[in-house]
Amino acid sequence: MTKKSIQIDDFDRLSLEEQIALLHSSATYIGKRKHEGYYYVLLQLFGFYAEIRYEFYRVEVNAIRTSIDSSIIDPYLSQIRVRGLDDDTKRGTSNED
Amino acid sequence: MTRARTKNVVLYADDDADDRELMAEWLQPCRHLIELRLFNSGDALLEHLSELYYQDAEEPSLIVLDQNMPGRTGLQILESLRRDTRWAGLPAVLYTTSTMPHEVIAAERLNAGFITKPLNLTQRDIVLRQMLRFCEPALRERIQGFWSKGS
């Protein structure tokens, strides 16, 4: 069940529909955020990141921005959970929704 | 004790409120066939299952579990389900943002489906049809019949 990798430049040349299909089949979810009326979902695909922008979440993709710069993760850091650490932390506390 | 199975109760646990709302919206056209019950954690879903059992209520036709939830993951909840003889045979799917092969395999070993959450409406239709494959057969037939009428 290996996945064939793709470089960021090759990904950027794909159509939006092709990009969405590839992200759905192969990307790793990192996080979701809301900003100025838009939803953003950040995914990692092989050696780069892809950030999806939605006006309507999971309905229609408005744009996809790609980057190899890990600073794209910064707005999502507060919600990234490391399993194990999370398990230790949650003891005695209620889970957030 | 043999328990009658309800044809239309679906239980869905997801810590993401947006995803819970979306599922409710997407299943709205089938509301006469499906009663969707939402939970913000897998443990809350398990608790509800126990209540159903003690109330002698009908069993759900599908259990949908998000994988990445605070506390126990969807897979961990699924393991609990399968260890319990009361729930071992219930139809279930892991519904997740993940595409991790090891999670796909783990779900299959637990006799559950693995469905990656859709990124847009086109994928949503595919995903709902994938989910249907794992439903209790009678509900599956009713929904397929409903969809084939083009409603």
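Rules used throughout
- Residues numbered from 1 in each chain as written.
- Chains lettered and ligands numbered in written order.
- Predicted model: local features only at pLDDT ≥ 70, side-chain atom pairs only at ≥ 80, totals over all residues.
- Contact = placed C-beta atoms within 7 Å.
- Helix = DSSP H or I, 4+ residues; strand = E, 2+ residues; numbered from the N terminus.
- Nonpolar A, V, L, I, M, F, W, Y, C, P; charged D, E, K, R; others polar.
- Pairing = 2+ DSSP bridges.
- Right-handed = clockwise from strand over helix to strand, strands pointing away.
- UniProt positions renumbered as here; feature names shortened; annotations may be inferred.

The name that an unreviewed UniProt entry assigns to chain B is Response regulatory domain-containing protein, with the source organism given as Flaviaesturariibacter amylovorans.

S.K.: Can you break down the interface of chain B and chain A residue by residue, with the values?
M.R.: Note on interface size: it is often stated as the accessible area lost on association of the parts. Counting from both sides, the interface comprises 19 residues of chain B and, opposite them, 21 residues of chain A. Of all the secondary structure elements, the ones that give two or more residues to the side of chain B that touches chain A are α1 (17-26) and α5 (121-133) of chain B. Looking at the side of chain B that touches chain A residue by residue, the classes come out as seven nonpolar, nine polar and three charged.

S.K.: Can you tell me about the pairing of strand β2 (residues 35-39) of chain B, naming the residues and giving the values?
M.R.: All names here are of chain B. For strand β1 (residues 9-13) and β2, the ladder comprises five bridges, and the chain directions are parallel. Directly across from Ala13, in β2, lies its bridge partner Phe39. This β-α-β element, β1 to α1 to β2, shows right-handed connectivity.

S.K.: Describe the UniProt feature "domain: Response regulatory" (unreviewed entry) in chain B, and please don't skip the residues or the numbers.
M.R.: With numbering aligned to this structure, UniProt lists the feature "domain: Response regulatory" (unreviewed entry) at residues 9-132 of chain B. Regarding residues 9-132 of chain B, the helix share stands at 44% and the strand share at 19%, and the terminal C-alpha atoms are separated by 13 Å.

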